[in-house]
Amino acid sequence: MSSFKPLLQTARTFSAMAGLGTGHIRTGLGAVHRVNVVCPSFLDEPKTVAVVGAPLTYGQPYDGVKGGPAALRDAGLVDAIKKLGWRIKEHGDINFSDIRAQEPEVHPSFHCNWPNRVGSSNKMIFNVVKQHAEANRFVLTLGGDHSIATGTIAGIISARPDVGVVWVDAHADLNTPLSSTSGNMHGMPLGLLSDVFPEAHTLPGHSWLGKVPKLNLEKKLVYIGLRDVDMPERHTIAQKNIKAFTMYHVDKYGIGKVMEMAFDHLGNCPLHLSYDIDACDPVIAPSTGTAVRGGLSYREAHFIAEACAETEMLGSMDLVEVNPSLQGEEALGISLGEQTVELGYAIAASALGNRIL
């Protein structure tokens, strides 16, 4: 694909500068280095990961993102989690095929695309995640687009009301049907989950949100990696006094200090890590629908997951927006789609205890 040629050349330039040539570069996935990550006190022993596939694609315009869960499993993620000392409760992929378009798929007053499909799918995600969280399991949900966070966070907050959310993303995803210019609902989950848009339960397919506790954005949310924020979202972040660490702050303080400040803000509470692969720089994560230059480096991306695990309070995680269909050209001995899948696999493994030593 011609759109990948500049990225391909950039990757080759970086590799040449580092003396790496353009052959295959080891990802580190061949060996899982287990460390003794203490099981959070609110999870049952033996520690168990519920692996939930949520191949939801209606929150954005690229169909291939529904292949993310299968690609991550095919890469060996479940076997890696086992090697890290976790038991597996494989839920499989949630089947959204029975959800059909119903009228209205647009709201007469609000701008959002496919609200019934997104809302009805998220109700299914909510029920599954809530069930596993109430069973005191670590819940790992593989997306799918980031609209799945409406269901995952609703399920987690219903089971663990004091949960704090670490949102790793290039985008704030704080829009609402009143502020969004695109209408894409993968940019709205935090708006729908909070008091920013109290009418969320009136959207087609979203009536179930009326019974879900609201997420306290000021006290229970921290952003990391922001660099593409819409103007209405900027106003909301300032108005609600939301703790937001942009890439400027990562550059200024370093990722270690940023994580310290993030955890200080959230306090001692269960953590949910919602990780959009587009938080990473497109040089290392090119196969995603809304890539933005200037993102997290490979090690910064991993450090966030490692630091969350080391709090001994991480109990759930989303990994979203991995789109393996955006294959592109071969670079460094690996296709761009495979490169992004392997990065997602490795970040999830880091959150569950994989370490260098």
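Residues numbered from 1 in each chain as written. Predicted model: local features only at pLDDT ≥ 70, side-chain atom pairs only at ≥ 80, totals over all residues. Heavy atoms only, no water.

Caption draft 1: Just helix H10 (residues 255-266), in detail. Taking 1.5 Å per residue, 12 residues should reach 16 Å; H10 reaches 17 Å between its end C-alpha atoms and fits that length. Every buried residue of H10 is accounted for by Ile 255, Val 258, Met 259, Ala 262, Phe 263 and Leu 266. With its buried residues spanning 130° around the axis, H10 presents them on a single face. At the C-terminal side of H10, Gly 267 shows a positive phi close to 80°. (Helix = DSSP H or I, 4+ residues; strand = E, 2+ residues; numbered from the N terminus. Expected span 1.5 Å × (residues − 1). Buried < 20%, exposed > 50% of the residue type's maximum accessible area, 1.4 Å probe, protein only. Arc of directions from axis to C-beta.)

Caption draft 2: Expanded view of helix H4 (residues 115-134). Its 20 residues give H4 an end-to-end C-alpha distance of 28 Å, which sits within 8% of 28 Å, the value for a rise of 1.5 Å per residue. Positive backbone phi, at 60°, marks Asn 136, one or two positions downstream of H4.

Caption draft 3: Region of interest: the packing of helix H11 (residues 298-310) against helix H12 (residues 336-351). Across the interface, H11 lies against H12 with an axial gap of 7 Å and an inter-helix angle of 30°. It follows that H11 is roughly parallel to H12 by the angle criterion. For the element pair H11 and H12, the recorded crossing hand is right-handed. Of H12, the residues touching H11 (which contributes Tyr 298, Ala 301, His 302, Ala 305, Glu 306 and Ala 309) are Leu 343, Ala 346, Ile 347, Ser 350 and Ala 351. (Axes fitted to C-alpha atoms, helices over the stretch in contact; angles between N-to-C directions. Parallel < 35°, antiparallel > 145°, perpendicular 65-115°, else oblique. Left-handed = near helix turned anticlockwise from the far one by under 90°. Contact = heavy atoms within 4.5 Å.)

Caption draft 4: Looking closely at the pairing of strand S5 (residues 221-226). Burial of S5 is extensive: six of the six residues sit out of reach of the surface. The pairing of strand S4 (residues 164-168) with S5 spans four bridges and is classified as parallel. Along S5, the bridge assignment pairs Trp 167 with Tyr 223. As defined by bridge partners, S5 adjoins strand S6 (residues 243-246) across four bridges and the pair is classed as parallel. Paired with Leu 226 across the bridge in S6 is Thr 246. Crossover connection from S5 via helix H8 (residues 231-239) to parallel S6: handedness right-handed. (Pairing = 2+ DSSP bridges. Right-handed = clockwise from strand over helix to strand, strands pointing away.)

Caption draft 5: Structural detail: empty space enclosed by the protein. All told, the structure shown has one cavity of 30 Å³ or more when counted by the stated rule. The calculated volume of the largest cavity comes to roughly 50 Å³. Split into classes, the residues belonging to the lining of the largest cavity amount to 10 nonpolar, no polar and one charged. (1 Å grid on protein atoms, 1.4 Å probe; cavity = no way out; pocket = protein on both sides within 12 Å on 5 of 7 lines; lining within 4 Å. Points joined across faces, edges and corners; volume = space filled by probe spheres on them. Nonpolar A, V, L, I, M, F, W, Y, C, P; charged D, E, K, R; others polar.)

Caption draft 6: Representation of the nonpolar core within the structure. In this structure, Ile 224 and Tyr 275 are the most contacted members of the largest nonpolar core, which totals 57 residues. Of all the elements, H12 adds the most residues to this core, at eight residues. Dropping the residues within four chain positions of it, Ile 224 is found in contact with Val 166, Trp 167, Val 168, Asp 169, Phe 245, Ile 255, Val 258, Met 259, Ala 262 and Ile 304. Grouped together as the second largest cluster of nonpolar side chains are 47 residues, Ala 54, Ile 153, Ile 156 and Val 212 included. (Core = buried A, V, L, I, M, F, W, Y, C linked by side-chain atoms within 4.5 Å.)

Caption draft 7: Representation of the side chain of Thr 176. Tracing the sequence through the fold places Thr 176 in the loop between S4 and helix H6 (189-193). In this structure Thr 176 comes out as buried when scored by relative accessible area, which is 5%. When near neighbours in sequence (up to four residues on either side) are disregarded, Thr 176 contacts Met 188, Gly 191, Val 196 and Phe 197.

Caption draft 8: Highlighting unusual backbone geometry. Each neighbour pair has its own omega, and for Glu 45 with Pro 46 the value is -5°, a cis peptide bond. Residue position: Pro 46 is located in the loop between helix H1 (5-17) and strand S1 (48-54). The omega angle of the peptide bond from Gly 143 to Gly 144 is 20°, so this bond is cis rather than trans. Mapped onto the fold, Gly 144 is located in the loop between strand S3 (138-143) and helix H5 (149-159). Despite not being glycine, Asn 136 shows a phi value in the positive range, around 60°. With respect to the helices, strands and loops of the structure, Asn 136 is situated in the loop between H4 and S3. On the basis of relative accessible area, Asn 136 is assigned to the partly exposed category, the value being 27%.

Function-wise, these values are silent; they only describe arrangement.
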